[in-house]
Each structure stands twice: as structure tokens, then as C-alpha cells.
Amino acid sequence: MLAGRITRSEVNVSASLVTHAVVVIFLEFFAWGLLTTPMLTVLHEMFPQHTFLMNGLVQGVKGFLSFLSAPLIGALSDIWGRKSFLLMTVFFTCAPIPFMKISPRWYFALISVSGIFAVTFSVIFAYVADITEEHERSTAYGLVSATFAASLVTSPAIGAYLSAQYGDSLVVLVATVIAVADIAFVFFVVPESLPDKMRLTSWGFPISWEQADPFASLRRVGKDTTVLLICVTVFLSYLPEAGQYSSFFLYLRQVIEFSPAAITGFIAMVGILSIVAQTLFFGVLMRTIGKKNTVLLGLGFQLFQLAWYGFGSEPWMMWAAGTVAAMSSITFPAISALVSHSASPDQQGVAQGMITGIRGLCNGLGPALYGFIFFLFNVELNEMETMAGRSTASTQVCRNLVVPGPPFLFGACSVIFALVVAFFIPEHHQLAEVKTCTANKADSSSAAHAQNGSPLSLPVSDTEDLEPLLQDSVM
């Protein structure tokens, strides 16, 4: 499709397909958002001692498995299409939900192993890249990211209400029904986004072990300076975010003494502000200051937010820092847009896999690291009914410290280094071509690559085939 000759019907079709991606993300994370309050209870029942540490280990295993599987899923989605892998990722990400009441042990076990397929965002961003023009891709990425925030605006509050009125069993049932509806939507409604000419027409396994090796991909990252800078930035910024996401609600309840209602209200506030940031401000910032400066601005907000969480000891401080956290949510879609604009159409899965593969590694390391730091400072979830005036000893000790939240201060230091690295990322950079398939497919697509002129790359030695990079998990 030539720029400047996009018809109204083509625009409408693109908008319709983006809507499909939005619905998939919304339903998946709405289902998980309902379980926010029941999750706190199940965590305490299963791990009454060292709750933060065990929670970090469970989430860490999930994230690390996501990192290991990411390159294979990213490359295969570039070859066999997005829909089948989207269906697979949604199914396995939501599979643990009913086991929260059936068997908590199996629930946590399934959460851990579900990381093998928990890369929904990677496939969704590649899906969006398939169906949008370059000039509208940033807006579409912001919309998808905002949908994640929107799914968490009301779902925790609804889950908390249903739990208080009818018990956790009903909450789990409702979440399961929504997850099933999401799977059905992908299967029956979502169309394939990858054109037929870019997919294999016969079954086989055109991916070598080298392409599926995440560590080989990491080694390749260092051979292109821009790729290296982007990946280091993602790692340093998302490592504290992953740790924070896995433990922050527990921290609010145990140390800051938030009630369940206050926690759901906090999530709703941050969600609403994140929607505004990612739909209104994100598009304006991308057009006015550019992709790189938007990344830098988002990292600046994240640094301020984490420092406030680290030094804050009163509820009002958490609420104030939450408003800053909403603006920091623009960082990930800005980085995705920065990479996607340098990728050719048949390399979008690999391009997004590069970013979300690093995020998967952070999802493994971040929660375990935060849990260990909390453990070192003796922060535990020993009393679920901590209320104002009835604080536990560990809560009083933590709140009297100069730094009540040591893991968050560590995260702020990490983001400082991310800002320094991101400053050196060139905004306009052409990367060499990446092969993700057999030689036949590479030959058939060489003309398309030549026309696009801006493919993503991972340089390798002259004797090596070019291989794809990596691929996510949020829950």
C-alpha cells in the first residue's frame, strides 16, 4: 500500500482489526484484575511465612520461562501467522485461573509453567504492526497499552465487592467465564493479520535450534550498538517495574496499611490516569518531541515514582506517587514504536520479541529480586488484618526506617542507569536484515525487504545465518 493513497475502506478495516486486539487484551487482564483481592488471601494461606519471597519466586519462574520460550514463539508467529499463537498465549495465560479454588497448589504451579506461553503482548504488538501503516502505529500501540490500564480500572473493585458479598469462589467463576469468552473471541472472531504470501503454506519446522536459543539471541544483541542500547534500556527500566508489579499490592496492604477498598481505588486511579497518558499525551508527545525523547520522559517519571515509593511512609505519598506512575506507562509503547519503525513487515514478531524477550527475563529476575530484598529487611505478610492502630511490629519497623521501601529505591537507581543508556540511542537507525525462515522463504521475500528499506537486524558473523531475537508476560 503506497503512502498517501490509503482509501477510507482500508482505514476502516485497519481500525476494526485494532479493535480486535484491544478486546483480546481487555478481556484477558480484566479476568486477572478480578482476582486481585482473592490473590492476596491465597498467597497468605499458601505461604504464611516469607510471603514476599515466595511470591517473587513463583512470578520469577514464570518470567524466566517466558524469556526462554520467547524467541521460538516470536519467530514462528512470523512464519505461521499470529492468530494461532495468539490463541495459544491467551489460553495458557488464563489456564491457572479456575485452579485458584480447585487446588491452590496447582494454581501456583500452573502460574509458574504458564510463562512458557505468557507472551500475549508480543503477539498483539506484532499483530497490530501487521495491520497498521507506520504513521498510525504509535497511536495503535498507545491504544493497546491503554487497554491494559483500562482493564484494571474497575476489575479489582468489582472483584473485591463480589468477594466481600459472595465469597472468592464466585470471583474465580466470573474470571474463568471471562477468560473462556476471550479464548472464544480469538478463535471465532479475530482474523489472521499476516498476509498469506508471508506465511508458510505447508507444515514443517523451518526454525533451527540456534534461532530458538534465547542466549544466542542475547549474544547477538551486542553486535549492533543500537540494539544493545535499546535492550539494556529495557532491562534496566523493566527490572524494577516487574518486581514492583509482583509485590506492590502486598506492600500497600502490609506496610502502608491500605484497606482492600483503598487498594482497588488506587488501582482504578492509576488505571484511569494511565489511559489518559497513553491515549492523549502519548500521541501528542510522539508527534512533538519524537520517539526517543518520549522514552526519556517516561523514564524520568518512572524514576520519580520509584523514589517516592521508596522514601514514602504515609498513604497520601503512595497516592501522589501513583499519579506519576501513570505517566511512566508511556515508556514501553514508545520503545515498541521506536523498534517497530525500523522493522520490515515480515519481521514485526522478531522486532517485538526483542523487547518483550528482555521483559520476560526481567519478569523472572525482578520479582525474585524484590522478594529477596523484602526478605532481607524482614518485611512479611504475617497478619492479613493489619489496620490503623493495630500495626504489626514489622510494619512499624519498616515505616520508621529512613527508606521504608528499599526495593523501590534500588529500582530508582536502576532507572537512573536506564536514562543514561537511553540518551545514547539514535532515533533514526537502519538495521540489517534478519532471516527467520528457510532460505526459500528468504529468497521469496528479498524483494519486499529491498522495497521497505528499514528492516530490523541482529548482526552476526559472516559464517552464521541471521537469526531472530527474543519475546512477555504481564501477569
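Because the structure is a prediction, the values reported are computed rather than measured.

(A) Main features of the overall build of the chain. Counting its secondary structure elements, the chain contains 20 helices and 0 strands. Taken across its 475 residues, the chain has 59% of its residues classed as buried. Counting every atom, the chain has about 18700 Å² of accessible surface; 67% of that belongs to carbon and sulfur.

(B) Representation of the packing of aromatic side chains. Considering all chains together, one arrives at 19 aromatic pairs under this definition. Judged by centre distance (4.5 Å) and plane angle (40 degrees), the ring pair of F248 and Y309 falls under tilted. Here F248 is found in helix α12 (residues 225–254), whereas its partner Y309 is found in helix α14 (residues 290–311), with 61 residues between them in sequence. Residue F248 shares its accessibility class with Y309, and that shared class is buried. With centroids separated by 5.5 Å and ring planes inclined at 90 degrees, the aromatic side chains of F423 and F424 adopt a geometry described as edge-to-face. Residue classification places F424 among the exposed residues on the basis of a relative accessible area of 56%. Ring pairs connect the aromatic residues F248, Y251, F258, F266, Y309, W319, Y370 and F408, which therefore count as one cluster. Sitting over the ring of W32, K62 keeps its end group 5.9 Å from the ring centre.

(C) Geometry of the packing of helix α8 (residues 134–166) against helix α9 (residues 168–188). Contact pair α8 / α9: the axes reach a minimum separation of 7 Å and the direction vectors enclose 140 degrees. Between α8 and α9, the angle falls in the class oblique. In this structure, α8 uses G159, L162, S163 and Y166 to contact α9, whose residues at the interface are D168, L170, V171 and V174. Residues belonging to the contact of α8 with α9 are distributed by class as follows: 5 nonpolar, 2 polar and 1 charged.

(D) Spatial organisation of the packing of α14 against helix α19 (residues 406–422). Running from N to C, α14 and α19 cross one another at 160 degrees; their axes reach a closest spacing of 8 Å. With respect to each other, α14 and α19 are oriented roughly antiparallel. Read as a crossing pair, α14 and α19 show a hand that is left-handed. Only F408, L409, G411, A412, V415, I416, A418, L419 and A422 of α19 make contact with α14, whose side of the interface consists of K292, L296, L299, G300, Q302, L303, L306, A307, Y309, G310 and F311. Classifying every residue of the contact of α14 with α19 by side-chain character gives 15 nonpolar, 4 polar and 1 charged.

(E) The arrangement of α8 in detail. With 33 residues, α8 extends 48 Å from end C-alpha to end C-alpha; this agrees with the ideal 48 Å at 1.5 Å per step. Roughly 25 degrees is the biggest bend found in α8, and it falls at S155, with proline P156 one to four residues downstream. Residue G167 follows α8 closely and has a positive phi angle near 100 degrees.

(F) Spatial organisation of the environment of L361. Tracing the sequence through the fold places L361 in helix α17 (residues 348–376). Since its relative accessible area comes to 14%, L361 is described here as buried. Considering only alpha carbons, one finds L361 and G60, 301 residues apart in sequence, at a separation of 8.7 Å. Not counting the four nearest positions on each side in its chain, L361 is found in contact with G63, F64, F67 and F235.

(G) Expanded view of α9. For α9, with 21 residues, the first-to-last C-alpha span of 30 Å sits near the 30 Å given by 1.5 Å per residue. Considered for burial, the residues of α9 that qualify are D168, V171, V172, A175, T176, I178, A179, D182, I183, F185 and V186.

(H) Inspection of a nonpolar patch on the surface at higher detail. A contiguous nonpolar surface patch, about 530 Å² in accessible area, is contributed by Y161, Y166, L170, L173 and V177. For the nonpolar patch, the secondary-structure elements that each account for two or more residues are α8 and α9. At 3 residues, α9 tops the list of elements feeding residues into the nonpolar patch. Mapped onto the elements, Y166 comes out in helix α8.

About the cut-offs
Sequence order as written defines residue numbering, which begins from 1 separately in each chain. Confidence filtering applies because this is a predicted model: local features only for residues at pLDDT of at least 70, side-chain atom pairs given and counted only at 80 or more, and all residues used for totals across whole chains, interfaces and linings. Note that water and hydrogens are dropped before the side-chain values are worked out from all heavy atoms of the structure. Put simply, DSSP marks the helices as runs of H or I at least four residues long and the strands as runs of E at least two long, and each gets a number from the N terminus on. Relative accessibility thresholds used throughout: buried, under 20% of the residue-type maximum; exposed, over 50%; partly exposed, between the two (1.4 Å probe, protein chains only). Note on areas: these come from Shrake-Rupley sampling with a 1.4 Å probe, and a residue is covered only by the protein chains present in the view. Only Phe, Tyr and Trp rings take part, Trp by its six-membered ring, and two of them pair if their centres are within 6.5 Å. Stacked means planes under 30 degrees apart, edge-to-face means over 60, and tilted covers everything else. The criterion is that NZ of a Lys, or CZ of an Arg, lies within 6 Å of the ring centre and within 35 degrees of the ring normal, and then a charge sits over that ring. Orientation is described by axes fitted as lines to C-alpha atoms, over the contacting stretch for helices, and by angles from 0 to 180 degrees between their N-to-C directions. In what follows, roughly perpendicular refers to angles from 65 to 115 degrees, roughly parallel to angles under 35, roughly antiparallel to angles over 145, and oblique to any angle outside these ranges. Contact between two residues is taken to exist if any of their heavy atoms lie within 4.5 Å; hydrogens are not considered. Here the term charged refers only to Asp, Glu, Lys and Arg, the term nonpolar to Ala, Val, Leu, Ile, Met, Phe, Trp, Tyr, Cys and Pro, and the term polar to all other amino acids, Gly among them. Crossing chirality is assigned from the near helix's rotation relative to the far helix, an anticlockwise turn below a right angle marking it left-handed and a clockwise turn marking it right-handed. Helix span is expected to be 1.5 Å times the residue number reduced by one. Note that the bend at a residue is defined as the angle between axes fitted to the seven residues ending at it and the seven residues starting at it. Each patch is built from salt-bridge-free residues with over 30% relative accessible area, joining like charges within 9 Å and nonpolar side chains (Val, Leu, Ile, Met, Phe, Trp, Tyr) within 5 Å. Salt bridges are defined by distance alone: a side-chain nitrogen of Lys or Arg within 4 Å of a carboxyl oxygen of Asp or Glu.

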